[in-house]
Amino acid sequence: MAIQFILVLNRQGRSRLVKWFNNSYKPVEKNRLISDIHRLISSRDSKHQSNFIEYQQHKLVYRRYAGLFFIASINLGDNELSYLESLHFLVEILDVYFNEVCELDLVFNFYKLYAILDEIYLGGEIQEISKQKILNRLAEIDKLD
Amino acid sequence: MATKQMKGLNSFIMDLRNSRDVEQENKRINLEINNIQSKFKHHYASNEVSTNTNSNGKDDISLSGYQKKKYICKLIYIYLLGYSEATNFGVREPLNLVASTVYSEKQTGYLALSILFKRSPTSSLKEHLNDLMDVMNGSLLRDLQSNNEDFNCLALHFISSNFNIDNERIDTEGSSKIHIVDDQDDNARQWLELTDLVFSFATSPIVAKHTRKKAVLALHVLFKLYPGVIISNSNWVPRILSLLEENEDLGLLTSSIPLIEFITTSISAKYAKSTMSSIARYLHRLLIEDACPKEYYYYSVPAPWLLVKLLSLVESLFLLVDEKTGNTVLTLTDLDSTTIGNLRSVISRSIQNSSQPVKGLPKKNSNSSILFQAVSLVIFLNASNEAVKGAVNALIYLLDSHETNTRYLSLDALIKLIGRGSISDVGNVFFTNEFNILIPKLFHLLSRDKDVSIKRKTLDLLYTLCNGSNYINIINGILEFYPHCEYSLKGEVAIKVAVLSEKYATESTWYVTTMLNLISQGTSAAASTSTNSHGSSTQIGNEVWERIVQIIVNNEELQAQSCKKIISLCNKSSGSNAVSENIIKVGGFVLGEYGHLIVNEKSDGDDDYSAESQFQILFSGYFRSSLSTRAMLLTSFLKFFEKYQDEPFIPDIIDLFEISTQSIDLEIQTRGFEYLKLCTADNSKELLSVVTRQFPVFEKKVSPLMSRIGNVERIVGRNRSSSFVNPHTIQQQKSAKSPSVTPPPASGLTVPPLNAPFKGVGQHRSVSTLSLPVTEEIDEDESNDDELVESRNQKTFEGEEDPFHDGVKEKVILSPNWYHGYHRMLQYDAGIFYENQFVKILYRIIKANSNIQYKFTIINNAAKTAGTNLTGFTILDLESSASKTDPNYLIQLGNQPEQTIADKTTFDVNIKIRNIVENDESPIITLSFNSGGSFNQLKLKFPVCFLRTLTSTNQIELEDFKKRWLQIGEQLPGPQGECISRTLTNYRCNSSNVVRLLARLGFNVVYSTPDNTEAGILVMGAGILHSQKSNYGVLVTIRSTDDVGKEFEIIVRCTGGGISEVINSSLREVLEGKF
C-alpha cells in the first residue's frame, strides 16, 4: 500500500480529516502519531526545508494550504513528488466541490470528506486521476438519496 | 455544489464550536448523547410494540431514516472530537442504517461502522479483522449481490477501507510471516466467498469501469489478507494481468497497477517479462505517442500519476531477485528489442521534458516526479556508460537548484543510481570527472544547506560514493564537518565514518587515529554531569566506541599504538577542552588491558607513557564521568592494581574502592565492594589474576554498526529480496497446524564457547564484567537475534525447491488439440500451428545451423464470423523447459505482436541451440486475448528438438555411407553410437513416403528400395546436426519389418555419444503420427 494515512491538521494541531488506510495502527498509536506529526511539521521552515520527512519507516509528504497542513504518509520507496501533487489534486477537488473551500467546510461536512476520498483513493492507492470524472461522480452521488 | 446539509447536525457542531470552555463542551456532548440514547431506546421500544400488537399506526417516537442518519453522524462527530468512550453504542444502529435502501443512509451506516468499530486493546489484528468480518459479512454480501451498482460500490469501499493492512508492518511485529487468513481458519470460507465476488466484479466486462476499479483495489486488499486464495486459484492470474490491456479507462489501469505489482513480485515472477512488455508499450503510448485521453491530462502533463506508477512497476520488476539463486529474475537480455526501445525513449523523453522551463508548480512537480522515477531505471537499461553519465550529470546539475525539494530528490536519485551500478567501483575511471565535481558539491551541501534532511541524504550519498581510492578524502571531509553538524545528525555521522573507516582502511595507524579522533570529538566528559549518564551517548552511539574496542582486541598490532594515541589525545585536551567521555571509556578499557605494553617506552613528543601517568589520566577522568563510565573505570583500576603492585597510586585505588562501597549507585557499590575484597582479602591473589585475565578475541562476524547504518540499503534496493509468498510454506502450514517456526534458542546457548566469559555479563555483572560495561549485554542479545533470523532464513531456503513453482514441478495443462500443430512442426517447415473459432496461428521455421527462428502469424478468425477485433493480445509467458543453469537452448521473443488484431499480426521466437536438446525440453507459450467480450487463454507447446537442426550432407554414395556407418560402430560401440527401435505407424507407407519424410526432415537420402517390391522397404539417409558447441554427423536406416508397410525398425548412428537415442525417438514420434 502506498499511502498509510492522510491527515489534515490545522496550525493548532486539531485534525480536520483523518483517514487511516492502514488498519494495523492501534488507537493509542494513532493519537500519538497525530500529535507527533503535528509537532514535527509545524516547526519546519517552509522556505528552507523540503516538503518531505523521513519518519519512522515511512515518509511524510506535506503541504500547507492557508491554515491547514495536508499530510500523507507513504512508503520509503514511493515517489514523493507524485504524492505531494496528489494532495494538491485533492485540494483542487475540494475547492471546486465546496466552491472555494475553507476550513469550516471541512468541519461541517466531515462525513462528506470520506465519501470524496473514497472516489480518489481506495485501500491506500490512487484510484482515479481525472478531475472531471471525480467531480461528475460526486455530483451523481449527491443526487442519490 | 454541496447541498443537503443536516440542520440538526450543523447546529450541534455550531454549539460545540461556540463553547466557552471544555466544561461547556462536555456538558453539551453529554446532553446530546443522552438525547440520542433515549431516542434510539424509544424507537426500538415502539418498534417492538408495533410488531407485537400488529398495529399499523405510525408512532410519534419511531425514528425516520433521516433522523437515524443525523444521530449517527452526531455520534461520529463526537467520536472524532476525541470522546471515544462516550460513543460505545454497539453496532446495532449502524447496521440498521446499512440495511436501508436509501443511499445516503446506507453510506452513513458504513461510515459509522468503519469509524466506530474499535479494536479492543487486547485483541490482535487478526482477531480484530475477523470480528469485523463476522459483523459485516451479511451486509457486504447483500450489497455486493445487489443489482444497484452504487450499493456495490459502498460495499467495495468498506472492504478496501477496513480490511486493508500493511504486510511489512505485520512482519516486523510478529516473528514470522503470518497471514490474517489461512485456509484452516474457521471462517476462511467467508473470506473466500467475499473474494470470489469481488474478483468477478474486477474482471467482468459488463460491470461499469468505475465499479471495476474499486473492485480491483478491494481485491488487492483481500489478497494481502489471504494470499492462499490467489495461490490456489492460479488461473485467476492471467485474467488479472489482462487488466493491463484496459487502455481506454486510465483510472481502471491506475487502480490495477498495485494488484499487478503484488502478483508479479509476490506471487509469481514468471509473468514479469510479459508484464514488462505491456507496460513499456503503454508508457510509450502515453508519453511519446501522446495517446492519452483528454480528461487525463493534468496541467498538460499526460496522466502523471499513472506514468509514475508504471515506471515504478518497471523498477520493481528489474529489482526482483530469485530467492533461491540470488540472481535477478529479469535482465535486459530477457527483453525483446521493442520493449527495450520503448523504455529507453520514455526515459530520455522524461529527462528532456523536465529540463525545459515550465510555468506553474503542478506541472513542474508532475514533470519532476516522472523524471526522478525514470532516471533510476537508466542503470537497468543501458549497457553504455554514456547514458548513465548523462543521467548523473543531469542530477548533479539539479543539486544547485533553489528548490529544496529538488535538491533532496536529486540526492536520492543519485544514491540509487550510484548504489545500483558499479559506478563507484575503484576501477571505473569513466566517472572520475563527475565525481571530481560531485564530491566538493556534497561537502558544500553538508556544511551549508539549511535542511537537515538534505544533509542526511548528502551523507548517505557520500557513503555510497566511498571506495577504496577516495575514502581518505571522503572521511576527512566528513570529519571536518562533524564538529559543526546538527546535534540530531551527529550519531549518524559517527556511525557512517566508523563503518567506512573499518571497511576501507588499509593501514592500521590511520584507522586508529581516525576513529579515536572521531570519538574524541564527542561531548566532553565535563559537560555531561555525572547524574546524567546518557549525556554523550546520544551523540555517538555506544556501538561506535564498542566497535573500536572490539577491533583493538582482535588486532594485536593495534594495541600498543592505540594506548599511545589515547594518552596523546588526553594530554592534548587537558585544560579548557576537557576530554571526551567516549575517549575515557575506550581509554579505560584499552589502557587497563594493554597499558603495560608501553610503560617502558619513550615517547617521541612530550607524552609520558609510565604507569603513573596512565593512571592519572583515567583517575582525573573518573570524577568527570557518568556512572556507567565510572563503573567501567573501577574495573580498569582493578587491572592496574593487579599489574603494578608497587606503584605509588595503589593506595588511591584502594581508597576509591572503599569510597565506592558507599555509593548510592548499585552497580558502583557492588563493584567497589567486590573489588575491595579482591584487593585486600588474604589468598585472593589467584582469584584476582583469574578475574583480570586478558580479554579473549571477539568472534562476532557482523559489525553491530551495520544495524544502525540507516536507509541507504533500502533506497538502493539492490539487496531487496523478492519476498514471494511461498506456496510451499503455506502448504506446510496447512499440514502442520502450528506455524513452522523454530523455537528461539534459550538465550546464550548458541553463542560460541569462546564468548562464554563475556556472556556472564548479564547474570553476574560485577565480578565478571571485568572490562566491558553494562551495555554489552544488549549487544549480545542482538547478535542472538541475528543468528535466529539467519537460521530461519536457511530453513525456508531448504524447504524450497523452486520459489516460482509449487516446490514440485507443476503439471502443465495445455489447450486441447495442441498436439496436431506440435506434430506438424516436428517435420514441416510451415503450416498451421493452432486453430479455433477465434484465432488461427500459422508458423514458419527458418533454420540457420544452430539458430532456429519460428515466425508466427496470428489471424483473427472472429473477424469473418462476428466482425470483432481481437483485443489485448498478449504473450503472457514463453517458458522453456530446459534447465535454467546451463540450458541446452536459449529462447527469446524477437518482436511483440500487436495488441489489437483486426486481421493479423506476427511475432518471432528465436532459438539458439547450445547443446544436445533432450526431447522433453520443448517450450510452452501462453497467449491471452479478448474476443467479443470473452477472455481466452491458450497454452501451447511447440517442438524445440535436436532433430530440427538437421541439414543434409553433400551427396554421398552408398559406399561412403557404409564406410561411415562402420566407423561409428568402431569408435562408439554399443548404445553410445547406435540406437535401434521399432515402431508401428497409423497408416501404411511405401518406400517413397519414407523417402519424402526423411528429405523433409533434412536428410540426404542415400539409398531407397523401389516402391511395390515384395522385399519390403529400406531407406537410408545422412545428415548433420548443429549446436553451438559442435556439429555431429548422423546416419539413419529405416526398414520395414512386416509385409504391409506399418511396422518399421529405425536404426540411428551418430558421431556424438548418446545423440542417436534422442534422434531415434524424435523419428519415432514423427513416424507414429499421421503423415
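Residues numbered from 1 in each chain as written. Chains lettered and ligands numbered in written order. Predicted model: local features only at pLDDT ≥ 70, side-chain atom pairs only at ≥ 80, totals over all residues. Heavy atoms only, no water.

1. Some remarks on the interface of chain A and chain B
Part 1 of the reasoning: If you look at the interface, chain A gives 69 residues, while chain B gives 76 residues.
Part 2 of the reasoning: In total, chain A and chain B occlude about 6500 Å² of area from one another, counting both sides; carbon and sulfur atoms represent 52% of this.
Part 3 of the reasoning: Our enumeration of links across chain A and chain B arrives at seven salt bridges.
Part 4 of the reasoning: Note that Lys309 of chain B is salt-bridged to Glu125 of chain A, the shortest N-O span being 3.0 Å.
Part 5 of the reasoning: Along the contact surface separating chain A from chain B lie 26 residue pairs in polar contact (both at pLDDT 80 or more). (Contact = heavy atoms within 4.5 Å. Buried area = accessible area lost by both parts, 1.4 Å probe. Salt bridge = Lys/Arg side-chain N within 4 Å of Asp/Glu carboxyl O. Polar contact = N/O pair within 3.5 Å; in protein donor to acceptor, adjacent residues only side chain to side chain.)

2. Quick look at the nonpolar core
Part 1 of the reasoning: In this structure, Phe163, Ile240 and Phe637 of chain B are the most contacted members of the largest nonpolar core, which totals 278 residues.
Part 2 of the reasoning: By residue number, the principal contributor to this core is helix H15 (residues 304-319) of chain B, which donates 11 residues.
Part 3 of the reasoning: The residues touching Phe163 of chain B, leaving out its near neighbours within four places in the chain, are Asn23 of chain A together with Leu129, Leu132, Met133, Leu140, Phe158, Trp191, Leu194, Val221 and Leu225 of chain B.
Part 4 of the reasoning: Counting residues in each nonpolar core, the second largest holds 62 residues, with Tyr822, Met825, Phe942 and Leu1067 of chain B among its members. (Core = buried A, V, L, I, M, F, W, Y, C linked by side-chain atoms within 4.5 Å. Buried < 20%, exposed > 50% of the residue type's maximum accessible area, 1.4 Å probe, protein only. Helix = DSSP H or I, 4+ residues; strand = E, 2+ residues; numbered from the N terminus.)

3. A look at the packing of helix H21 (residues 432-448) of chain B against helix H22 (residues 452-465) of chain B
Residues and elements named next belong to chain B.
Part 1 of the reasoning: Direction vectors running N to C along H21 and H22 enclose 145°, while the axes themselves pass 9 Å from each other. When you trace H21 past H22, the crossing you get is left-handed. From H21, Phe435, Leu438, Ile439, Leu442, Phe443, Leu445, Leu446 and Ser447 reach across to H22, where they touch Lys455, Thr458, Leu459, Leu461, Leu462 and Leu465. (Axes fitted to C-alpha atoms, helices over the stretch in contact; angles between N-to-C directions. Left-handed = near helix turned anticlockwise from the far one by under 90°.)

4. So, the UniProt feature "domain: AP complex mu/sigma subunit" (unreviewed entry) in chain A
Part 1 of the reasoning: The UniProt record annotates "domain: AP complex mu/sigma subunit" (unreviewed entry) at residues 3-144 of chain A.
Part 2 of the reasoning: Strand forms 27% of residues 3-144 of chain A and helix 45%; the C-alpha atoms that close the span are 29 Å apart. (UniProt positions renumbered as here; feature names shortened; annotations may be inferred.)

5. Looking at unusual backbone geometry
Most of the time, phi is negative for any residue but glycine, and the peptide bond is trans.
Part 1 of the reasoning: Even without a glycine there, the phi angle at Gln56 of chain A is positive, about 50°.
Part 2 of the reasoning: Its location among the elements puts Gln56 of chain A in the loop between strand E3 (52-55) and strand E4 (58-65).
Part 3 of the reasoning: A positive phi is found at Ser300 of chain B, a non-glycine position, where the angle reads about 60°.
Part 4 of the reasoning: Within the secondary structure layout, Ser300 of chain B lies in the loop between strand E1 (297-298) and strand E2 (301-302).

6. Some remarks on the environment of Glu403 of chain B
All names here are of chain B.
Part 1 of the reasoning: On the secondary structure map, Glu403 appears in the loop between helix H19 (385-398) and helix H20 (404-420).
Part 2 of the reasoning: Looking at Glu403, the relative accessible area reads 29%, which means it is partly exposed.
Part 3 of the reasoning: Sequence-wise, Glu403 and Glu557 are 154 residues apart; in three dimensions their C-alpha atoms are separated by 50 Å.

7. Some details on the confidence of the model for chain B
Residue and element names in this part refer to chain B.
Part 1 of the reasoning: Summing up the model confidence of chain B, the mean pLDDT is 80 and the portion of residues at 70 or higher is 83%.
Part 2 of the reasoning: Counted against residues more than four places away or in other chains, residues 718-810, with its pLDDT under 50, gives 144 contacts.
Part 3 of the reasoning: Model confidence for the complex: the whole-complex pTM is 0.74, and ipTM, which rates the interface, is 0.97. (pLDDT = per-residue confidence, 0-100.)

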